[in-house]
Every structure is written in structure tokens, then in C-alpha cells.
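# Summary of structural features
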Amino acid sequence: MKTVCIYMIGTLLLCLIGFQTLAQVDTTKSATYLVEEILLGSGVLIGNVTFSGEKHAIGVYEDSTNQLGIEQGIILTSGNAYYVLGPNKTPRSGWASNAPGDDDLNSIARGKTYDASILEFEFVTMSENLSFEFVFASEEYLEYVGSKFNDVFAFYITTPNGEQYNIATLPDGETPITVNTVNHELNSQYYKDNAYVNVTDPFIWDVRNRKVITNENYQQEEQPPQYFTQFDGFTTVLQARATVIPNEVYHIKIAISDVGDGILDSGVFLKAGTFSSFGEQVMKLDDHFNKKTPVPNLIKKTSAVEIPS
């Protein structure tokens, strides 16, 4: 028999003995703390951090068992950050915040967005390359794959001359990552399934066709989800990359939203300590944000965009 213990005082701690895992979410930290103390790696100076969205939509994520390939990082959601914790006991979990969407995300999703959460800041690098690691997850899997409910996120880089582009793409550098572009059928090499299978009810609701149907899995052997998260599916750990001019001020907008409605949640996990600069060039940074320049600690990296799990 699985045992669950929950403690909630600012931080939600959920321990599930049956899964032998420990995960935590803390939404009490400021956006500046999240970027400076959690996300920031080496060779980068940051400033002017802002967050737009509901307070409960962003926080620190920790998982000592590394189930998603991320032991610590920032979780940014289109709903409630606490809902990322597992186990997955329902195919449809979410928190509608009634927050507005985002025009930039509308263009990617090709639909109206809702409940946008947007983390923004300026940064300067010591070298010519920027990278960080992330995982996209959603409760829209698998029921809404191919539908208009195409939850989406983006990492928009704005250059010193005002040009903007999205680096939250697949390795081809062009395909944005959404429920419809990465799933069990399309680009499946980047997808991990964590679906909940209902074996207790003889009839279930078909969300796509909006009718009650016979449950083909009724009274079958229980198939517990493999990963400790409420999300029904998520990507492998991927790497966002950008070529930049060292010692020049850039802006990044990290945004996620629901599409089509504000009901079911999606989230993006930003791996701790990975927002870093690397390359052949190493430049001394000016004091752009009235902060101490970071110590040069640049590690040359490969051009791989997927991190093996």
C-alpha cells in the first residue's frame, strides 16, 4: 500500500513511499532569486529580472531522484506549480488562473492563449555562445494531441539591435516545441509518456469526441505511471542555444501559456546552474547592472541539443 505524506507551510513537500522519491515545489521565492540563485551558471551577468503571471505559477523545483532529468531548477507553468508533483492519478489536472495570454505565444500556437507566465531578464555573456537546459511537460498529452488545445512555450531572445527570435526549438533550430509538435507520434524521440490509465471505471468520458464510451482498460491490471509527476507527458532534457556578442546586453523572455482554454496545465522546467556562456572568446564584462562581474569559468561544450537521460 502506498503511503503519502503532505506538509504545506510556504513549501509543499510530498513524499511517496511507493515511488521511493522525494519532490518539492516552493513558490515563495522572488523572480530575481530564481534567476540569480537557481538558474544562473558561469560566464553570464544578469539584471532587471521581472515576472508577469500568477505567483503560484512559478517556483523552485527539486527532485532528488532526478526522474525528469532535472534534480533542481525553476518550474514555470500555465497553472499551479504545485500541480507538477506526482503521482499521476488523473488524466486531466489543471488550474485556471483567468490570467491573460501573450501575443508572441499566440503566433506560435496559431490560437488564442490564456494564463501566460512570463519570466524576463537582461543578460551579458563573457563568450560567444549561450545555452541552458530544459524540459517541457503538459497535461494536454495525449488526449489533445492534434487539437487546437496546443499548449506552448518559448524562449525569446532580443538582440542589442532589437531583433527577436525563439530558441525553444527542436534540434533543427526551426520547429517550436508544443503538444502538437512533440508527442508519441511526432518527434517521438524527444517525448516520454507518463499517461494515467483508468482501470476502475467501466465507462469514461471521451474528451475529444465529447461523449461517454466503454473503457477498454476496465478491470485490467493497474499500470501506474512511470514518472513522479502529474504531467501526462514531457520531453527529454533539451538544450537551448544562442550565438551572441560577448559584453553586449541581450534580453530573454521565457513564456508559457495554455492554448484554446485555460483549464489543463503545462510547464517548463529550467535546469539549475545551466544558463551559461561558453566558447573560444573570453571577454571581460563591463558593469552593466551595477553588479560584481562573474569569475571566468567557461566550459567548452559540444553542439548536442539533447541531453541523454
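Look above for the structure.
In this report, we go over the structure that sits alongside the text. (Residues numbered from 1 in each chain as written. Predicted model: local features only at pLDDT ≥ 70, side-chain atom pairs only at ≥ 80, totals over all residues. Heavy atoms only, no water.)

### Structural notes on the pattern of salt bridges
Scanning all chains against the criterion turns up three salt bridges. Here K253 and D102 are joined by a salt bridge, their closest N and O atoms 2.8 Å apart. Of this pair, K253 sits in strand β16 (residues 250-259) while D102 sits in the loop between β6 (72-77) and α2 (103-109); the two residues are 151 residues apart in sequence, bridging distant segments of the chain. You can call K253 buried: its relative accessible area is 10%. Take D102: its relative accessible area is 9%, and that puts it in the buried class. Where E133 meets K271, a salt bridge forms, and the shortest distance between an N and an O atom there is 3.4 Å. Note that E133 is positioned in strand β8 (residues 129-138) and K271 in strand β17 (residues 266-271), a separation of 138 residues in sequence. (Salt bridge = Lys/Arg side-chain N within 4 Å of Asp/Glu carboxyl O. Helix = DSSP H or I, 4+ residues; strand = E, 2+ residues; numbered from the N terminus. Buried < 20%, exposed > 50% of the residue type's maximum accessible area, 1.4 Å probe, protein only.)

### Description of the packing of aromatic side chains
For the coordinates displayed, the defined rule picks out 13 aromatic pairs. When the centroid spacing of 5.4 Å and the interplanar angle of 85° are considered together, the rings of F123 and F275 count as edge-to-face. A residue pair is termed long-range when its members are at least 10 positions apart, and F123 in strand β7 (residues 113-125) and F275 in the loop between β17 and β18 (276-278) qualify at 152 residues. What links up through ring pairs into an aromatic cluster is the set F121, F123, F132, F134, F136, F153, F155, Y250 and F275. In this structure, K112 is placed above the aromatic ring of Y114, and the distance from its NZ or CZ to the ring centre is 5.6 Å. (Phe/Tyr/Trp six-rings, centres within 6.5 Å; stacked < 30°, edge-to-face > 60°. Lys NZ or Arg CZ within 6 Å of the ring centre and 35° of its normal.)

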